[in-house]
Protein chains: 2
Amino acid sequence: MPSIVIAQGGGPTAVINQTLCGAILAARRHDPSLQILGARYGVRGLTADNVVDLTAVPEADLHRLGNTPNSALGSTRDKPDPDTCSDILAALDRLDARAFVYIGGNDTAGTLELLRQQSSGPCHFVHAPKTIDNDLMENDHVPGFISAAAFVANALVSIDLDFRAMPGIHVAIVMGRHAGFLTAAAAGWQQSPDDAPHLIYTPEQPFSIPRFLDEVDAVYARLGRCIVSMSEGVQDEMGRPLTEALAGGAVERDAHGNLQLTGGDLGMEIQKALKSRFRKARARVDTLGYLPRGYIGVIDETDRKEAFAAGEFAAQSALTGSGSVVLHYDGDRIEPRLVPLERVAGKTRHMPDDFFAGSSAVSAEGRGYFRRLLPTRPDIFLPFV
Amino acid sequence: MPSIVIAQGGGPTAVINQTLCGAILAARRHDPSLQILGARYGVRGLTADNVVDLTAVPEADLHRLGNTPNSALGSTRDKPDPDTCSDILAALDRLDARAFVYIGGNDTAGTLELLRQQSSGPCHFVHAPKTIDNDLMENDHVPGFISAAAFVANALVSIDLDFRAMPGIHVAIVMGRHAGFLTAAAAGWQQSPDDAPHLIYTPEQPFSIPRFLDEVDAVYARLGRCIVSMSEGVQDEMGRPLTEALAGGAVERDAHGNLQLTGGDLGMEIQKALKSRFRKARARVDTLGYLPRGYIGVIDETDRKEAFAAGEFAAQSALTGSGSVVLHYDGDRIEPRLVPLERVAGKTRHMPDDFFAGSSAVSAEGRGYFRRLLPTRPDIFLPFV
């Protein structure tokens, strides 16, 4: 019986299951003869024969599942070598797969492109986008990003209020290996230069601790507080991640060659530097870590809908060809389109140069982008501090 | 002109301004002849003559202010010595204060008790409770706690979902100097022993790293994941905070003698210990830090109302006498009552023994308490992992 196979790869997001839900419902609608199968733990589920039948899951259950954050089918960071690719293709063949929809980031798209190149069968390969990093080429933004960005923006507004009540310095370390979108997103809620984040450090701009301390000093002297948003992946002038420099090269990488960053090391270094420069100030570093990427308390409604629509479009497209679903913005509306996999696979989108105003601030252009995506900032009324 | 003075002390919460709002509106209602003054940055505002007139702030503005997290008047951790107490009392005298309502935790209550003892004037001293630590004696729970607990519970449910999708170990370091309520609160949402937090470490129970690693090992072997909630203030068998042991005694204390903990140091030590024991597992430590205490994205409605009611009751009580407002639970309803300041001042409420089941788990009794306070757990539906 012909089938469509769906899987999820990479780190989870708050809305990745909306995409799964949308894909299942669209597959049912567009070709009721297809069996709908879910591979558990990404492509691992195919080689390990760990597949669940989703054909008859009631629609109400699918919507409940869609509203639950984090990969419902399980995920993986495995990068298949050519042998494993053969095994995966053989499994797809055994399942009589006409389409394989893989929900994930640029590494997931890379896996699909490998499979597509090696495949000689009738199966189409479609990538449905998700990532909190917002680093997929060809996309205006990526499902999963808005909810994560809203979490971070809420965090930085709240920390700012905290430090308006009692002076001090706060650094939030935010996930982001190569792209600073998530770290910079809170700039979309800035209404005055006094609003946090006062300083923003992303992997796109060179970072140095002495300059960082000078910049904190200037803000702290002016406002009595300084709220900083810093990417885990900040890099020195040589383009070397600070965490790698700190670890003296003894770092872990995953199967895709991605550095396994821990915000903790960077955080401790930053804490030490702040303590040595600002002996009397309250200075605190927190690692937001995993919180932004699937926080059930802050799921954005637009993000939910776009993730669902991306899943629908992926399943529908997969009936006729291969490619990567991207969210296109025409200046007015967001709509999904299909582009060749190679334009997304394994590539990283960075924050554009014109989103920056110097090495530690976001430009009006950048703020406008994030403001367009973020939900409305909560009302804040503090006339006395 | 006779006045009532209001101030805020200690760390902020998500709903501390509801208490301010309630106090102002109740003062207006119960004695319209009173001038209503706000001391900025706690008692510091009195000695520094930094006082704002709140008498005529429009009610709509007060409600907006009430909905904004974190101390609207500013805060302080100063502990006044007898000389400073004299200065504060002289300032209250100059302001013709009939009542001083100070919103804060047990240190704030302690400051009020000092003032009350030293005062010979007509001013009443009333403490309105707030703290995310939930560590005030005589209270069923304290305004500010429920919102913070909801933040942490949402965090741990979300992290649990994250690790159901990909195996690993996660430790969240949660604020809590002496009392483990906030660290343990997420237990209120556990529906089965497989639900996070799988291990809970609070200051009330002795902590040792080797035992911690053994316990993580057992959970990880059983479930393929282990989600841990750990207080910044965990202590060794000798009752010594682990952070203090790590720092070799070189720690900071505030004016009240409270240890200035940073979750980062503890986090790094835990990360190191996990890495040496579980070489191949994904192991991650994040410090939630300041996030739970005033997160604008997660403000609990019950908490909001109780904080407002505590403020109303404080201002009303202050017209006739001194004391500490506490939230009393009669088995059915929560209602505010006034108790002598000395029963709350400077004292710490710990989690009761019967809230624990061993040194790393919460009992059914404890879970019931947290479940009663927390909002309903979000729906989670993940049939495949």
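The rules we used
- The written sequence of each chain sets the order in which its residues are numbered from 1.
- A letter from A marks each chain and a number from 1 marks each ligand, given out in the order of writing.
- Per-residue local features are limited, in this predicted model, to residues with pLDDT of at least 70; the limit for side-chain atom pairs, both in listing and counting, is 80 or more; totals at the level of whole chains, interfaces and linings are taken over all residues.
- To get the side-chain values, all heavy atoms of the structure are used, and hydrogens and water are removed first.
- The secondary structure listing takes helices from DSSP runs of H or I that are at least 4 residues long and strands from runs of E that are at least 2 residues long, numbered from the N terminus.
- For every residue, the accessible area (1.4 Å probe, protein chains only) is compared with the maximum for its type, and the residue is labelled buried under 20%, exposed over 50%, or partly exposed between those bounds.
- Here, residues are in contact when the closest pair of their heavy atoms is within 4.5 Å.
- Within this scheme, the nonpolar core is defined by two criteria: the residues are buried Ala, Val, Leu, Ile, Met, Phe, Trp, Tyr or Cys, and they are joined through side-chain atoms within 4.5 Å.
- By buried area we mean how much accessible surface two parts lose on assembly, using a 1.4 Å probe and totalling the loss over both.
- By definition, a salt bridge exists where a carboxyl oxygen of Asp or Glu is found within 4 Å of a side-chain nitrogen of Lys or Arg.
- Each polar contact in these results corresponds to two N or O atoms within 3.5 Å; when the atoms are within protein, one needs to be able to donate a hydrogen and the other to accept it, and residues that are neighboring in sequence are counted only if both atoms are side-chain atoms.
- Residue ranges for the domains trace back to a domain assignment, done automatically or taken from a database.
- Residues below a pLDDT of 70 in either copy are left out; the C-alpha atoms of the rest, at least 70 in both, set the least-squares superposition of the copies.
- UniProt positions are given in the numbering used here, feature names are shortened, and annotations may be inferred rather than shown by experiment.
- Following DSSP output, two strands are said to pair if at least two bridges run between them.
- Only the stretch in contact is used when fitting a helix axis, every axis being a line fitted to C-alpha atoms; angles between N-to-C directions are given from 0 to 180 degrees.
- When two rings of Phe, Tyr or Trp (its six-membered ring) have centres within 6.5 Å they constitute a pair, described as stacked for plane angles under 30 degrees, edge-to-face for angles over 60, and tilted for the intermediate range.
- Note that the term roughly parallel is reserved for angles under 35 degrees, roughly antiparallel for angles over 145, roughly perpendicular for angles of 65 to 115, and oblique for everything else.
- Our arc is simply the arc of the directions from the helix axis toward the C-beta atoms.

**As for the overall build of chain A**
The secondary structure content of chain A amounts to 12 helices and 11 strands. Once the C-alpha set of chain A is aligned to its principal axes, its extents read approximately 70 × 45 × 30 Å. Here chain A holds 385 residues, and 62% of them are scored as buried. Once local pairs closer than 6 in sequence are excluded, the contacts in chain A between residues at least 24 apart make up 76%.

**What about the nonpolar core?**
With 162 residues, the main nonpolar core has Phe151 and Leu291 of chain A together with Leu20, Val101, Phe151 and Leu291 of chain B as its most contacted residues. In contact with leucine 20 of chain B, not counting residues within four places along its chain, are Ile6, Gln8, Leu54, Leu65, Ala72, Leu73 and Ile103 of chain B.

**Notes on the interface of chain B and chain A**
Think of interface size as the accessible area that goes away when the parts come together; that is how it is often given. Tallying the contact residues gives 70 residues for chain B and 70 residues for chain A. A buried area of about 5500 Å², summed over both sides, lies between chain B and chain A, and 61% of it is on carbon and sulfur atoms. Three residues stand out in chain B for area buried against chain A, namely Tyr290, Phe381 and Phe384 of chain B, and they jointly supply 15% of the buried area on that side. Summed over the shared surface of chain B and chain A, the result is six salt bridges. Glutamate 232 of chain A is the partner of arginine 284 of chain B in a salt bridge, and the nearest nitrogen-oxygen pair spans 2.4 Å. Along the contact surface separating chain B from chain A lie 25 residue pairs in polar contact (both at pLDDT 80 or more).

**Some details on the domain arrangement of chain A**
Residue and element names in this part refer to chain A. On domain assignment, one finds that chain A holds domain 1 (3-132 + 297-343) and domain 2 (147-293 + 350-373). Roughly 1300 Å² of surface becomes buried between domain 1 and domain 2 when both sides are summed, with 53% attributable to carbon and sulfur atoms. When the buried surface of domain 1 facing domain 2 is broken down by residue, Arg77, Ile132 and Val298 rank first, second and third, together holding 46% of it. Counting across the domain 1 and domain 2 interface gives zero salt bridges. Across the contact surface, domain 1 and domain 2 share three residue pairs in polar contact (both at pLDDT 80 or more).

**Some thoughts on the relation of the copies chain B and chain A**
Overlaying chain B on chain A yields an RMSD of 0.0 Å, the required transformation being a rotation through 180 degrees with an accompanying axial translation of 0.0 Å. In the structure described here, the two chain copies are related by an operation that fits a two-fold rotation axis. Across chain B, the smallest distance between a C-alpha and the rotation axis is recorded for threonine 287 of chain B, namely 2.8 Å. Comparing contact sets, 100% of the residues at the interface of chain B also lie at the interface in chain A, consistent with an isologous, same-surface contact.

**Some points on the UniProt feature "site: Important for catalytic activity and substrate specificity" (unreviewed entry) in chain A**
Listed under "site: Important for catalytic activity and substrate specificity" (unreviewed entry) in the UniProt record, and renumbered for this structure, are Asp107 of chain A. Mapped onto the elements of the fold, aspartate 107 of chain A is located in helix H5 (residues 106-118).

**Section: the side chain of threonine 202 of chain A**
Residues and elements named next belong to chain A. If you trace the backbone, threonine 202 turns up in the loop between strand E7 (199-201) and helix H8 (209-223). Looking at threonine 202, its side chain comes within polar contact range of the side chain of glutamate 204, at 3.1 Å. Setting aside anything within four residues of it in sequence, one finds threonine 202 in contact with Gly180, Thr183, Ala184, Ser231, Val234, Met351 and Phe356.

**Some thoughts on the sheet that holds strand E8 (residues 225-231) of chain B**
Residues and elements named next belong to chain B. One open sheet holds the four strands; their spatial order is E7-E8-E6-E9, and the pairing between them is parallel. Whereas interior strands pair on both sides, the edge strands pair on one side only; in this sheet they are strand E7 (199-201) and strand E9 (283-287). Pairwise comparison of adjacent strand axes, ignoring direction, gives a mean angle of 15 degrees for this sheet. Pairing geometry for strand E6 (residues 168-174) and E9, over five bridges, is parallel. The residue bridging isoleucine 173 from the neighbouring strand is threonine 287, located in E9. In this fold helix H6 (residues 145-165) packs onto E6 and E8, with an angle of close to 155 degrees to the strand it touches most, E8.

**Re the packing of aromatic side chains**
Within the structure shown, the criterion is met by 30 aromatic pairs over all chains. With a centroid separation of 5.4 Å and an interplanar angle of 25 degrees, the aromatic rings of tyrosine 290 of chain A and phenylalanine 163 of chain B are classed as stacked. Placement of the pair is tyrosine 290 of chain A in the loop between strand E9 (283-287) and helix H11 (301-318) and phenylalanine 163 of chain B in helix H6, with the two residues belonging to separate chains. We note that tyrosine 290 of chain A, like phenylalanine 163 of chain B, is buried.

**Digging into the pattern of salt bridges**
Residues and elements named next belong to chain B. Counting across every chain of the model gives 42 salt bridges over all chains. Ionic pairing is found between aspartate 78 and arginine 44, a salt bridge with its closest N-O pair at 2.8 Å. One end of the pair, aspartate 78, is in the loop between helix H3 (59-66) and helix H4 (82-94); the other, arginine 44, is in helix H2 (residues 44-47), with 34 residues separating them in the sequence. Judged by relative accessible area, which is 31%, aspartate 78 ranks as partly exposed.

**Observations concerning the packing of helix H1 (residues 16-30) of chain B against H3 of chain B**
Two quantities define a packed helix pair, namely the angle between the helix axes and the distance between the axes. Residue and element names in this part refer to chain B. As a packed pair, H1 and H3 sit with axes 7 Å apart at the nearest point and diverge in direction by 155 degrees. Judged on the interaxial angle alone, H3 and H1 are roughly antiparallel. Contacts between H1 and H3 involve Asn17, Gln18, Leu20, Cys21, Ile24, Leu25 and Arg28 on the former and, on the latter, Glu59, Leu62, His63, Leu65 and Gly66.

**Some words on helix H3 (residues 59-66) of chain A**
Residue pairs three or four apart in sequence face the same way in an α-helix, which turns once every 3.6 residues. Residue and element names in this part refer to chain A. The complete set of buried residues in H3 reads Leu62, Leu65 and Gly66. Projected down its long axis, H3 shows its buried positions confined to an angular sector of 100 degrees, all on one face. Residues of H3 that are buried sit in contact with helix H1 (16-30).

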